[in-house]
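# Secondary and tertiary structure notes
Listed below are the residues making up each chain.
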Amino acid sequence: MDLVGLSLPLLLVFWQWTTTTGAAVTYWTYTGSVGQSKWADYFPDCGGTAQSPVDVATVQTQYDPCLGPLTPLGYSQHGNKPFSLYNNGHTVVVPLPGWMGLGGLPWQFTAVQMHLHWGNGAPEAGGSEHTINGQSSAAELHVVHYNSELYPNMSVAMTQQDGLAVLGVLIETGEEANQAFWNILNYLGRVRHAGQSVSIPAFDVQSLLPSDLGRYYRYNGSLTTPPCFQSVLWTLFTETVKISHTQLMKLETVLYAKSVKVYTAGEITAIVIGALCGCVGLAVIIRFIVKTIRSTSSWDVLPSVRPAPVPRTKEPGKELKQDVALNTTSEPGKKEDPVPSSV
Ligand SMILES: *[C@@H]1O[C@H](CO)[C@@H](O)[C@H](O)[C@H]1NC(C)=O
Ligand SMILES: *[C@@H]1O[C@H](CO)[C@@H](O)[C@H](O)[C@H]1NC(C)=O
């Protein structure tokens, strides 16, 4: 059984490969070997106690009279410089100018970027990260800010407990197109692949937010993706914004960012073992058939039907035709036909 002898070392090599590839992970995905259930293995904060997103169980929320309305600062002053839009392999990101910020929080926060989360178009699978009473929305917009009163920049702030403030906007589908969202969606086709970036006209970012900024859910949470730092003061607006089905479909289908199916080490191992077992099984079956045919060839192929050995020297086309013709008359003996080692 040469095949088994070969497949064992192969499996071992493969096992080593699948177990060592996880060693130095700096990238992540939503599914697969560095998928959501494994994030905490590689990014310790992802296993923290304040992990976002959360499901907002509205009966368990408490009204807090100390919370004031949130004030976007400079959101509508987009200036003359264009924005940029890039595909980071997970989502589309729009870096925001430093004069944009948030008022109405315990500290002064400066805008850094905004990005979107969405689903794959499956009817039951919502694309939002936060859910309300277990219900997800079609998509979600996040506007990320850092605490510029206490920290020099985003990199430092994101590791601090009071470092970030993120606005979460739940997006649902409605009848009409949302003109503000075309400012982003129109350009998705130019950043289909991870790493691509495009310059887009600057626009009023506040137009992406719901009109009622006074009602929201507030909690201390984290970045929703690795490294999952537990450093985010979340504001999830109660009012949702609506985009059209066409707009949602554009979001769900234009980018290649998330559509890649990544197999887990376990799945790959299963596939490889399955394939090897299949090959070994097939070899055994073929061997068995050949043996059976050989042992029964005495009655299977009668000398009278047995074709004369075909000279294999020239005219391969003619020879092939001949074989086919012969096979029709001696079907059961096909496999058995001894090939002369030299003609
Ligand atoms: C952020 O600030 C720290 C401390 O001042 C500095 O060392 C670091 O280079 C800065 N990072 C960026 C990306 O500007
Ligand atoms: C969030 O944590 C801060 C301390 O960092 C605390 O003062 C604040 O009350 C917390 N907010 C909520 C909504 O839990």
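Here we summarise the structure given alongside this text.

Cut-offs applied
- Residues numbered from 1 in each chain as written.
- Chains lettered and ligands numbered in written order.
- Predicted model: local features only at pLDDT ≥ 70, side-chain atom pairs only at ≥ 80, totals over all residues.
- Heavy atoms only, no water.
- 1 Å grid on protein atoms, 1.4 Å probe; cavity = no way out; pocket = protein on both sides within 12 Å on 5 of 7 lines; lining within 4 Å.
- Points joined across faces, edges and corners; volume = space filled by probe spheres on them.
- Helix = DSSP H or I, 4+ residues; strand = E, 2+ residues; numbered from the N terminus.
- Nonpolar A, V, L, I, M, F, W, Y, C, P; charged D, E, K, R; others polar.
- Pairing = 2+ DSSP bridges.
- Core = buried A, V, L, I, M, F, W, Y, C linked by side-chain atoms within 4.5 Å.
- Buried < 20%, exposed > 50% of the residue type's maximum accessible area, 1.4 Å probe, protein only.
- Contact = heavy atoms within 4.5 Å.
- Near = heavy atom within 4 Å.
- Polar contact = N/O pair within 3.5 Å; in protein donor to acceptor, adjacent residues only side chain to side chain.
- Areas by Shrake-Rupley, 256 points an atom, 1.4 Å probe, with all protein chains shown as cover.
- Phe/Tyr/Trp six-rings, centres within 6.5 Å; stacked < 30°, edge-to-face > 60°.

Looking now at the layout of surface pockets. Here the second largest pocket defines a volume of roughly 480 Å³. Together, 18 residues line the second largest pocket, and Gln 62, Leu 67, Tyr 216, Tyr 217 and Arg 218 are the ones closest to its centre. Contributions of two or more residues to the lining of the second largest pocket are made by β1 (55-56) and β12 (216-221). A total of 4 residues in the lining of the second largest pocket trace back to one element, the largest contributor, which is β12. Of the residues that constitute the lining of the second largest pocket, the class distribution is 8 nonpolar, 6 polar and 4 charged.

Attention now goes to the sheet that holds strand β8 (residues 135-136). Where strands meet in a sheet, backbone hydrogen bonds hold them as pairs that are either parallel or antiparallel. With mixed pairing, the 3 strands of this open sheet are ordered in space as β1-β7-β8. Each edge of the open sheet carries a strand with a single partner, namely β1 and β8. Summarising the sheet, β1 and strand β7 (residues 131-132) pair through 2 bridges and their orientation is parallel. Pairing of Val 56 across the sheet is with Ile 132, part of β7.

The next point concerns the nonpolar core. By size, the foremost hydrophobic cluster in this structure holds 47 residues, and its most contacted members are Leu 85, Met 114, Leu 116, Leu 141, Ile 184 and Leu 208. When neighbours within four sequence positions are excluded, Leu 208 is seen to be in contact with Met 114, Leu 141, Val 169, Ala 180, Phe 181, Ile 184, Phe 203 and Val 241. In this structure, Tyr 151, Met 158, Val 166 and Tyr 219 belong to the second largest nonpolar core, which totals 12 residues.

With that settled, the discussion passes to unusual backbone geometry. One non-glycine residue, Asn 133, lies in positive phi territory at about 50 degrees. Along the chain, the position of Asn 133 falls in the loop between β7 and β8. Asn 133 sits in the partly exposed class, given a relative accessible area of 45%.

On to the site of ligand 2, then. Around ligand 2, a shell composed of Gln 161, Arg 218 and Asn 220 is seen. Within the side chain of Gln 161, a nitrogen or oxygen atom sits 3.5 Å from an oxygen atom of ligand 2. Protein contact buries 39% of the 360 Å² of open area that ligand 2 shows by itself.

So, on to the site of ligand 1. Ligand 1 sits among Pro 152, Asn 153, Ser 155 and Val 156. Within the side chain of Asn 153, a nitrogen or oxygen atom sits 2.4 Å from an oxygen atom of ligand 1. Burial of ligand 1 by the protein chains amounts to 28% of its free accessible area of 360 Å². Class assignment of the residues belonging to the shell around ligand 1 gives a composition of 2 nonpolar, 2 polar and no charged.

This brings us to the pairing of strand β9 (residues 139-147). Here β9 lies mainly inside the structure; 9 of its 9 residues are buried. Inspection of the sheet shows strand β6 (residues 109-118) paired to β9 by 9 bridges, in the antiparallel sense. Looking at β9, one finds that Ala 111 is bridged to His 145. Of the pairings in the sheet, the one linking β9 to strand β10 (residues 164-174) comprises 8 bridges and is antiparallel in character. Among the inter-strand pairings, Leu 141 is bridged to a residue of β10, identified as Val 169.

Now for the packing of aromatic side chains. With the rule as written, the count across this model stands at 2 aromatic pairs. When the centroid spacing of 5.5 Å and the interplanar angle of 65 degrees are considered together, the rings of Phe 83 and Phe 203 count as edge-to-face. Taken together, the residues span a long stretch of sequence, with Phe 83 in strand β3 (residues 83-87) and Phe 203 in the loop between β11 (197-200) and β12 at a distance of 120 residues. In this pair, the class of Phe 83 matches that of Phe 203, namely buried. Arranged with centres 6.3 Å apart and planes meeting at 10 degrees, the rings of Tyr 219 and Trp 234 form a pair that is stacked. Remark: Trp 234 occurs in strand β13 (residues 232-237) and Tyr 219 occurs in strand β12; sequence separation between them is 15 residues. With respect to class, Tyr 219 is no different from Trp 234; both count as buried.

Position of Cys 46 relative to the elements: it lies in the loop between α2 (39-42) and β1. When the C-alpha positions of Cys 46 and Pro 226 are compared, they lie 6.6 Å apart, and in sequence the two are 180 residues distant. Setting aside residues no more than four positions away along its own chain, Cys 46 makes contact with Trp 39, Ala 40, Gln 51, Pro 226, Pro 227 and Cys 228.

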